[in-house]
Amino acid sequence: MSSAAAEAFRRWVREDAPALPIARFRMAFGAIWLAYDILDLAYSGTARIHDWIAAAAPSGLVGLQLGLIACEILMVVGAPLGLVMPATALAAVLRAVEWHEYLRLNDFAYFAVTAVILAHARPRGGLFRRVPPDERIPRWPRDVLVLQAAWIYFATGLMKMNSTWLSGRHLYVRMQYLRTGLGWHFPGVMNRCADSLTCDATLATLGIAGELTLAALLVFRPRRWLVTPLVVGIHTFGAFATNVWFFGPSLIAQVFFLTDPTFARRKPLPRED
Amino acid sequence: MGPLDRNPLYVAGFLLFLIVPQGHALAQQFRLGYRPFGQAPQRVTLSWDMFSTAISRCDVRWDPPLNAEGRPLARLHDSGTALEWDPVYDRVEDYMHAAEYGCVYGRPHTTATLQCFTFEGEAVKNVFRCR
């Protein structure tokens, strides 16, 4: 690394950012996945996907879910501060174990990666305690979370650039299954679209365009008013076309809170001579 | 995290911890044959391949319903929830195995029906009697 790049990197690591939007994202992320894990535990969701005939959830999985719920409560409450960061890191580990042992979901991999980055952000405050308005914390975890989201949208957009997705057949399969297998009733226009491979292909192409545009915006122009409608649109369509309901809100929260306008006002650092 | 999060070496190491596995996963997709505008990717951890692989889906039903550990199960979907947690497979063969496995919990002469939608864009129906 050249000395100029090394110096720029050192300055970036020392740079501060407002704590409030990161605290809000930590609360939202914790709350979304807390709801997920409570419902998952109550309805044996992951357990039944792991083994759909078994009467009871494996005790190991229940233990992991209870651990995740405890960690997520701490993330939402934001106190005691000394426990929040270890709890966030522990949540990443527990989710990775759940992924490895029980269900290899991209959602779980996303959770683990996001939580391990979030564990490095240390805003004070939470549900019952306001974040001091002038509090500042290291900026890099926020930047890494934004870049990680950009990478996810870029990679998933790139992976979708294949003959099956572009032909509309992937969406066709999913929407036909939701209608036939789960008895979903889409609105008239969406019903007609589900039956038409041409329409499915158009939606599929728009999906890729949306994801790649969002990735580029998050890297080059992470402005909330630009990225929020796009991320909400992508995941609202995704929820109804793919029956995935928690992954989307989590990424919407990540994009919304971490593109808070206050991040654009960077505070110059004194030179380190 | 304390002062570690101000240490450039630690942060650089942490970034490598994030970048290396995700970069390796993307490279793995290319090694497995994925090409832009060509072959679909496969499931590779951390390559963010969600909704991009070639999948088929089947609605699996048993008539009369199975007695699965005390629960009546008329459809594979009945073991999951209406939203989010739905037991699914990606290949018709896996659904066939699930339907046959379910027969173990069925009464004699139980009929299994699979209504499948394949990534070739076809709808296929398969009916068999449990042995």
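Cut-offs and rules
- Residues numbered from 1 in each chain as written.
- Chains lettered and ligands numbered in written order.
- Predicted model: local features only at pLDDT ≥ 70, side-chain atom pairs only at ≥ 80, totals over all residues.
- Helix = DSSP H or I, 4+ residues; strand = E, 2+ residues; numbered from the N terminus.
- Rg over C-alpha atoms; globule rule 2.2 N^0.38 Å.
- Axes fitted to C-alpha atoms, helices over the stretch in contact; angles between N-to-C directions.
- Parallel < 35°, antiparallel > 145°, perpendicular 65-115°, else oblique.
- Contact = placed C-beta atoms within 7 Å.
- Expected span 1.5 Å × (residues − 1).
- Buried ≥ 20, exposed ≤ 12 C-beta atoms within 10 Å, placed from the backbone.
- Pairing = 2+ DSSP bridges.
- pLDDT = per-residue confidence, 0-100.
- Nonpolar A, V, L, I, M, F, W, Y, C, P; charged D, E, K, R; others polar.
- Domains from an automatic or database assignment.
- Left-handed = near helix turned anticlockwise from the far one by under 90°.

1. Notes on the overall build of chain B
In step 1: Broken down by element type, chain B carries two helices and four strands.
In step 2: In sequence order, chain B lays out its α and β elements as α-β-β-α-β-β.
In step 3: For chain B, the C-alpha radius of gyration of 22 Å lies well beyond 14 Å, the compact-globule estimate for 131 residues.
In step 4: Each principal axis of the C-alpha atoms in chain B carries an extent, and together these give about 70 × 40 × 25 Å.

2. With respect to the packing of helix α12 (residues 224-242) of chain A against helix α13 (residues 247-258) of chain A
Residues and elements named next belong to chain A.
In step 1: At their nearest, the axes of α12 and α13 sit 9 Å apart, and the two run at 180° to each other. Considering their axes alone, α12 and α13 lie roughly antiparallel with respect to each other. Here Arg224, Val227, Thr228, Val231, Val232, His235, Gly238 and Ala239 of α12 lie close against α13, whose contacting residues are Gly248, Leu251, Ile252, Val255 and Phe256.

3. Quick look at helix α6 (residues 106-118) of chain A
Each α-helix turn comprises 3.6 residues. Residues three or four places apart therefore point the same way.
In step 1: Its 13 residues give α6 of chain A an end-to-end C-alpha distance of 18 Å, which sits within 8% of 18 Å, the value for a rise of 1.5 Å per residue.
In step 2: Where burial is concerned, most of α6 of chain A is hidden: ten out of the 13 residues are buried.
In step 3: Inspection of α6 of chain A places Asn106, Ala109, Tyr110, Phe111, Ala112, Val113, Thr114, Ala115, Ile117 and Leu118 of chain A among the buried residues, and these make up the whole buried set.
In step 4: The secondary structure elements touched by the buried residues of α6 of chain A are α2 (20-43), α5 (81-101), α7 (140-160) and α13 of chain A together with α1 (8-31) of chain B.

4. Side note on the sheet that holds strand β1 (residues 57-68) of chain B
Residues and elements named next belong to chain B.
In step 1: Strand order in this open sheet of four strands is β2-β1-β3-β4, and the pairing throughout is antiparallel. At either margin of the open sheet sits one strand with a lone partner, and together these are β2 (71-75) and β4 (123-129). The average angle at which neighbouring strand axes cross in this sheet is 20°, direction not considered.
In step 2: Two elements, strand β3 (residues 111-117) and β4, share seven bridges in a ladder whose sense is antiparallel. Paired with Leu114 across the strands is Asn126, a residue of β4.
In step 3: In the packing of helix α2 (residues 92-103) onto the sheet, contacts are made with β1 and β3, and the angle to β3 comes to roughly 165°.

5. Some remarks on unusual backbone geometry
Residues and elements named next belong to chain B.
In step 1: The step from Asp63 to Pro64 runs through a cis peptide bond, and the omega angle for that step is -5°.
In step 2: Along the chain, the position of Pro64 falls in strand β1.
In step 3: With a phi angle near 65°, Phe37 is a residue other than glycine that sits in the positive phi range.
In step 4: Residue Phe37 is classed as exposed on the basis of its 8 C-beta neighbours within 10 Å.
In step 5: Residue Leu46 is not a glycine yet carries a positive backbone phi of 70°.
In step 6: Structurally, the position occupied by Leu46 is in the loop between α1 and β1.

6. Brief notes about the confidence of the model for chain B
Residue and element names in this part refer to chain B.
In step 1: Mean pLDDT over chain B stands at 94; residues scoring 70 or higher make up 98%.
In step 2: By mean pLDDT, β2 is the weakest element of chain B at 93, and α1 is the strongest at 98.
In step 3: The ipTM value of the predicted complex is 0.93, and its pTM value is 0.95.

7. A short note on the interface of chain A and chain B
In step 1: With 51 residues of chain A at the contact, the number on the chain B side is 51 residues.
In step 2: Among the elements of the structure, α1 (3-14), α2, α3 (45-50), α6, α7, α8 (163-166) and α9 (169-180) of chain A are those that each provide at least two residues to the side of chain A that touches chain B.
In step 3: Looking at the side of chain A that touches chain B residue by residue, the class counts come to 28 nonpolar, 14 polar and nine charged.

8. Some words on the domain arrangement of chain B
In step 1: Each assigned domain of chain B is listed here: domain 1 (1-49) and domain 2 (57-129).
In step 2: A separation of 36 Å is found between the C-alpha centroids of domain 1 of chain B and domain 2 of chain B.

9. With respect to the domain arrangement of chain A
In many analyses, interface size is given as the accessible surface area lost on bringing the parts together.
Residue and element names in this part refer to chain A.
In step 1: Domain annotation for chain A reports domain 1 (18-132) and domain 2 (139-267).
In step 2: Taking only C-alpha atoms, the centre of domain 1 and the centre of domain 2 are 22 Å apart.
In step 3: Counting residues at the interface gives 18 residues for domain 1 and 17 residues for domain 2.
In step 4: Elements that contribute at least two residues to the side of domain 1 that touches domain 2 include exactly α2 and α6.
In step 5: Considering each element in turn, the side of domain 1 that touches domain 2 owes the most residues, nine residues, to α2.
In step 6: For the side of domain 1 that touches domain 2, the residue count by class is 14 nonpolar, two polar and two charged.

10. So, the packing of α6 of chain A against α7 of chain A
Residue and element names in this part refer to chain A.
In step 1: Closest axis-to-axis distance for the α6/α7 pair is 9 Å, and the angle between their directions is 160°. With respect to α7, the axis of α6 lies roughly antiparallel. Like other packed secondary-structure pairs, α6 and α7 cross with a definite hand, here right-handed. Here α6 contributes Tyr110, Val113, Thr114, Ile117 and Leu118 to the contact with α7, which in turn contributes Pro141, Val144, Leu145, Gln148 and Ile152.
In step 2: Among the residues making up the contact of α6 with α7, the classes are represented as eight nonpolar, two polar and no charged.

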